[in-house]
There are 2 protein chains.
Amino acid sequence: MTMSTAEETGGESSPWGEVTPEAARRLLVAAVDAFAERGYHATTTRDIAGRAGMSPAALYIHYKTKEELLHRISRIGHDRALLLLEAAADSDGTASERLAGAVRSFVRWHAEQHTTARVVQYELDALGEEHRTEIVALRRKSDAVIRRIISEGVRAGEFDVPDIPGTTLAVLSLCIDVARWFSAQGSRTPDEVGDLYADLVLRMVAGRGRELSGLRAQK
Amino acid sequence: MTMSTAEETGGESSPWGEVTPEAARRLLVAAVDAFAERGYHATTTRDIAGRAGMSPAALYIHYKTKEELLHRISRIGHDRALLLLEAAADSDGTASERLAGAVRSFVRWHAEQHTTARVVQYELDALGEEHRTEIVALRRKSDAVIRRIISEGVRAGEFDVPDIPGTTLAVLSLCIDVARWFSAQGSRTPDEVGDLYADLVLRMVAGRGRELSGLRAQK
DNA sequence: CGGACCCCTAAGCGCTTGCTCAGCTTCGGG
DNA sequence: CCCGAAGCTGAGCAAGCGCTTAGGGGTCCG
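Model, not experiment: these values are computed from the prediction.

Undergrad: How should the overall build of chain A be read in this particular structure?
TA: Looking only at helices and strands, one finds 10 helices and zero strands in chain A. Burial statistics for chain A: of 219 residues in total, 43% are counted as buried. When contacts within chain A are restricted to residue pairs at least 6 apart in sequence, those whose partners lie at least 24 apart make up 69%.

Take a look at the structure:
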């Protein structure tokens, strides 16, 4: 009966497989759920330990502070999101295809893992000074990836974008905010949202005439 | 020396003029600043009272609880935002012009009053049950306003939007998220962001060919 | 001059918070 | 059979929380 509570976490398979002592992983998953539901500051260490089926003191064997838990979550989440973006950016294809791919998988992650993403994206300044600057560096890399694709699309004549930094910001902002409103019991699947958003983003950067030809072909 | 701290609030003139006992207004403005900086749950009533230059107990003369303060802020903020949207929606002009106007003033408000907007948009579920449902009703009205403009644009043949509810959601999401990232010491003015976003949104709904003709004419 | 009224403070109550610590159990190796 | 390391718990500490209460000064009207 050790695994009574924390079994059903987000529907997703195992994004936390890398967290090695099994008890530490249970605590971390419990913390993600609690932070996402109530927010970092409104979550108590007793609540986290309780969800993981442990006593309040057990938490401090695996993590020094509550803030370290948040940092671990934020770090792993940002690493994963950045990886998705870079994979899409480094793939073959036109700038349109790569931008659509990046948006699609970035958005899909924010929807599927919306509980993790909410913590990752909206509890940023609950982090301590050093941890926050470390995370901010990762976010700047995400920004650079998107900006690079857009710039290349402009240079190749595929896109018409008067304000590249501004549009980059808007694209990222649009994707990130998915974590705020997405709900698993809503009517849209993560894939549907990903496709919709990829289309919307291509429209934001598209040149005058045609261009959005065969891009929203099949689902 | 009574007005030492709370003088500079957001740069804006007086969005809280309607809050009538002057001491109550000072407390409310202090609460907006504190909630925006640290979040509702991380803010103490002592901090709010301190910023307003009062003792902790003074707060409870004007407000029953800390949650009532948040509700007052959220209510006034949502009323204001909804008013801006409705004004733009009810004005004369094509659907494109009205959509651009709505996005422009909605975004401008989120940038200018980004400290208020942050509280209004991101501390929603710190509200109690009854207060939250009241606020959620206001948000549904905002959604309806945008959806109406887009629908009319589609019916008039101005827009090409395959998924009206989804696009409505994305437009609102994009605007709202401005409150998260906008910073007064950033390089963009609220007006610039408003213009940029109005352009991006028009691109999201534009039909195939021309259409975005004279719409991003001057800066 | 007296007292009702309003706005505010000093003090503090009851409770919860993040975190600690002595001690119990389990288990593999000599 | 004993040992030490590792994982966990029950009890609890100091600090901070939201909120209350008794009372102190102004001001205005009788």
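Undergrad: Sorry, what's going on with the protein's contact with DNA strand D here?
TA: Around DNA strand D, 16 residues are found, and the nearest of them are Ser55, Ala57 and Ala58 of chain A together with Thr44 and Thr65 of chain B. Class assignment of the residues belonging to the surface near DNA strand D gives a composition of 10 nonpolar, four polar and two charged.

Undergrad: Any chance you could explain the environment of His62 of chain A here in plain terms?
TA: Residue and element names in this part refer to chain A. Position of His62 among the secondary structure elements: in helix α3 (residues 59-62). Remark: the alpha-carbon pair of His62 and Asp125, spanning 63 residues in sequence, is separated by 23 Å. Residues within four places of His62 in sequence aside, it is in contact with Pro21, Ala23, Ala24 and Leu27.

Undergrad: Mind showing me how you'd approach the interface of chain A and chain B here?
TA: One widely used convention gives an interface's size as the accessible area the parts lose upon coming together. With 22 residues of chain A in contact, the opposing surface of chain B contributes 22 residues. Taken together, the elements giving at least two residues each to the side of chain A that touches chain B come down to α8 (164-176) and α10 (190-205) of chain A. If you tally residues by element for the side of chain A that touches chain B, the top one is α8 of chain A, at seven residues. The residue inventory of the side of chain A that touches chain B, partitioned by class, reads 12 nonpolar, six polar and four charged.

Undergrad: Is there a simple way to explain the relation of the copies chain A and chain B in this structure?
TA: Look at the two chain copies: a rotation about an axis and a shift along it is all it takes to match them. For the pair chain A and chain B, the superposition axis carries a translation of 0.0 Å, the fit reaches an RMSD of 0.0 Å, and the rotation angle comes to 180°. The operation mapping one copy onto its partner corresponds to a two-fold rotation axis. A share of 95% of interface residues in chain A that are also interface residues in chain B marks the association as one of identical surfaces.

Undergrad: Could you clarify how one ought to interpret α10 of chain A in this entry?
TA: Given 3.6 residues per helical turn, the α-helix brings residues three or four places apart onto the same face. Taking 1.5 Å of rise per residue, the 16 residues of α10 of chain A would be expected to cover 22 Å, and the 23 Å separating its terminal C-alpha atoms lies within 8% of that figure. Within α10 of chain A, 14 of the 16 residues are buried, which leaves it mostly tucked inside the rest of the structure.

Undergrad: How should I be thinking about the environment of His110 of chain B in this particular structure?
TA: Residues and elements named next belong to chain B. Inspection of the secondary structure puts His110 in helix α5 (residues 95-112). Judged by the 27 C-beta atoms lying within 10 Å of it, His110 is buried. Sequence separation of His110 and Leu28 is 82 residues, and the distance between their C-alpha atoms is 18 Å. With near-sequence residues (within four places) excluded, His110 lies in contact with Ala117, Cys175, Ile176, Val178, Ala179 and Phe182.

Undergrad: Just to check I follow, could you spell out the packing of α5 of chain B against helix α7 (residues 129-155) of chain B for this structure?
TA: Packed helix pairs are characterised by how far apart their axes lie and by the angle those axes make with each other. Residue and element names in this part refer to chain B. With their axes 9 Å apart at the nearest point, α5 and α7 run at an angle of 155° to one another. Regarding the angle of α5 to α7, the classification is roughly antiparallel. You can see that α5 and α7 cross each other, and the crossing is left-handed. Along the contact surface, α5 presents Ala95, Ser96, Arg98, Leu99 and Ala102, while α7 presents Ile146, Ile149, Ile150, Glu152 and Gly153. Classifying every residue of the contact of α5 with α7 by side-chain character gives six nonpolar, two polar and two charged.

Undergrad: Help me understand the packing of α5 of chain B against helix α8 (residues 164-176) of chain B, please; the structure alone is not making it clear to me.
TA: Residues and elements named next belong to chain B. For the pair α5 and α8, interaxial distance at closest approach is 9 Å and the crossing angle is 35°. Here Val103, Phe106, Val107 and His110 of α5 lie close against α8, whose contacting residues are Val171, Cys175 and Ile176. Looking at side-chain class alone, the contact of α5 with α8 contains six nonpolar, one polar and no charged residues.

Undergrad: Looking at this model, I keep getting lost on the confidence of the model for chain A. Mind explaining?
TA: Parts of the model with low pLDDT should not have their predicted coordinates read in detail. Mean pLDDT over chain A works out to 90, with 89% of the residues at or above the 70 mark. This stretch, residues 1-11 of chain A, has a pLDDT under 50; its non-local contacts, to residues over four places away or in other chains, come to 15 contacts.

Undergrad: Where do I start with the nonpolar core in this structure?
TA: General note: in soluble globular proteins, nonpolar side chains tend to be found buried as a group. Core analysis: the biggest nonpolar cluster contains 123 residues, and Val103 and Tyr197 of chain A together with Val103 and Tyr197 of chain B have the highest contact counts within it. Non-local contacts of Val103 of chain A, meaning those with residues more than four positions away in its chain, are made with Val171, Cys175, Tyr197, Ala198 and Val201 of chain A.

Definitions and limits used
Residues numbered from 1 in each chain as written. Chains lettered and ligands numbered in written order. Predicted model: local features only at pLDDT ≥ 70, side-chain atom pairs only at ≥ 80, totals over all residues. Helix = DSSP H or I, 4+ residues; strand = E, 2+ residues; numbered from the N terminus. Buried ≥ 20, exposed ≤ 12 C-beta atoms within 10 Å, placed from the backbone. Contact = placed C-beta atoms within 7 Å. Near = placed C-beta within 6 Å. Nonpolar A, V, L, I, M, F, W, Y, C, P; charged D, E, K, R; others polar. Least-squares fit on C-alpha atoms with pLDDT ≥ 70 in both. Expected span 1.5 Å × (residues − 1). Axes fitted to C-alpha atoms, helices over the stretch in contact; angles between N-to-C directions. Parallel < 35°, antiparallel > 145°, perpendicular 65-115°, else oblique. Left-handed = near helix turned anticlockwise from the far one by under 90°. pLDDT = per-residue confidence, 0-100. Core = buried A, V, L, I, M, F, W, Y, C linked by C-beta atoms within 7 Å.

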